[in-house]
Amino acid sequence: MGPQQIQHVQQSFAGIFARKADLAERFYVHLFTMLPEVRVMFRGNFVKQKMMLTTMIASCVRNLDDPRTLEDIGAQLAQEHAHLELGPHETEAAKRALIAALRDVLGAELDPETESAWASAISRVAGTMTRH
Ligand code: HEM
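Cut-offs applied
Residues numbered from 1 in each chain as written. Predicted model: local features only at pLDDT ≥ 70, side-chain atom pairs only at ≥ 80, totals over all residues. Heavy atoms only, no water. Helix = DSSP H or I, 4+ residues; strand = E, 2+ residues; numbered from the N terminus. Rg over C-alpha atoms; globule rule 2.2 N^0.38 Å. Buried < 20%, exposed > 50% of the residue type's maximum accessible area, 1.4 Å probe, protein only. Contact = heavy atoms within 4.5 Å. Axes fitted to C-alpha atoms, helices over the stretch in contact; angles between N-to-C directions. Left-handed = near helix turned anticlockwise from the far one by under 90°. Nonpolar A, V, L, I, M, F, W, Y, C, P; charged D, E, K, R; others polar. Near = heavy atom within 4 Å. Polar contact = N/O pair within 3.5 Å; in protein donor to acceptor, adjacent residues only side chain to side chain.

Student: I'd love a proper account of the overall build of the chain, names of residues and values included.
Tutor: Assigned secondary structure in the chain consists of six helices and zero strands. Along the chain, helices and strands appear, N-terminal first, in the series α-α-α-α-α-α. For a compact globule of 132 residues, the expected C-alpha radius of gyration is about 14 Å, and the chain comes in at 14 Å, within 12% of that figure. Taking the principal axes of its C-alpha atoms as reference, the chain extends roughly 35 × 30 × 25 Å. Per-residue burial for the chain yields a buried fraction of 40% across its 132 residues. Pairs at least 24 residues apart make up 73% of the contacts formed inside the chain by residues separated by at least 6 positions.

Student: Could you give an account of the packing of helix α1 (residues 3–16) against helix α3 (residues 46–62), naming the residues involved and the relevant values?
Tutor: Any two packed helices are characterised by how steeply their axes cross, that is the angle between the axes, and by the distance between the axes. Their axes nearest at 9 Å, the elements α1 and α3 cross at an angle of 140 degrees. Considering how the two elements wind past one another, α1 and α3 form a crossing that is left-handed. Contacts from V9, Q10 and F13 in α1 reach I57, A58, V61 and R62 in α3. Its residues placed into classes, the contact of α1 with α3 shows five nonpolar, one polar and one charged.

Student: Quick one: what's the story with the site of the ligand, residue by residue and with numbers?
Tutor: Of all residues adjacent to the ligand, which total 18 residues, the nearest are F42, R43, G44, Q49 and H81. Take G44: an N or O atom from its main chain is 2.9 Å from an oxygen atom of the ligand. A distance of 2.8 Å is found between a nitrogen atom of the ligand and a side-chain nitrogen or oxygen belonging to H81. Breaking the shell around the ligand down by element, the ones donating at least two residues are α3, α4 (67–81) and α5 (88–106). No other element matches α3, which puts four residues into the shell around the ligand. In the shell around the ligand, the residues fall into 12 nonpolar, three polar and three charged.

Set out below in structure tokens:
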């Protein structure tokens, strides 16, 4: 990811920070539409789950220009999801769900450049969740 792509992601996220609860809501709507069977894996408080998701996204976005920290975050995510044995299919669904959620929240502000910058950012982090 180049500095310009990082800036696109950080700027668009700053613009929706106040609406991050909507982003999380839409993410899970899309994720469960694509993968209805994973709904039962979520056993905790869902309000808290949505906050953990947006906190995680925020910390990835903040550290896009710091590969070492990003790697640590990826390793933490991998550990938190290890017991779920997610594969490439689920990782792909997560990427698509996040892009779709961004589209719901940002509307026309999600121009093609911003969308492709987000796609690169998500690939960098989400790929680490897949079992090896
Ligand atoms: C953009 C990708 C994703 C991010 C950023 C993300 C983030 C998180 C975070 C921060 C947690 C909380 C960990 C903790 O308890 O401290 C979590 C838990 C969890 N995630 Fe993800 N996740 C992603 C994708 C997925 C996908 C694709 C699935 C399933 C197909 C999934 C299933 C779960 C489940 C089942 C839990 C535990 C919920 C519970 O214990 O009730 N996640 N995730």
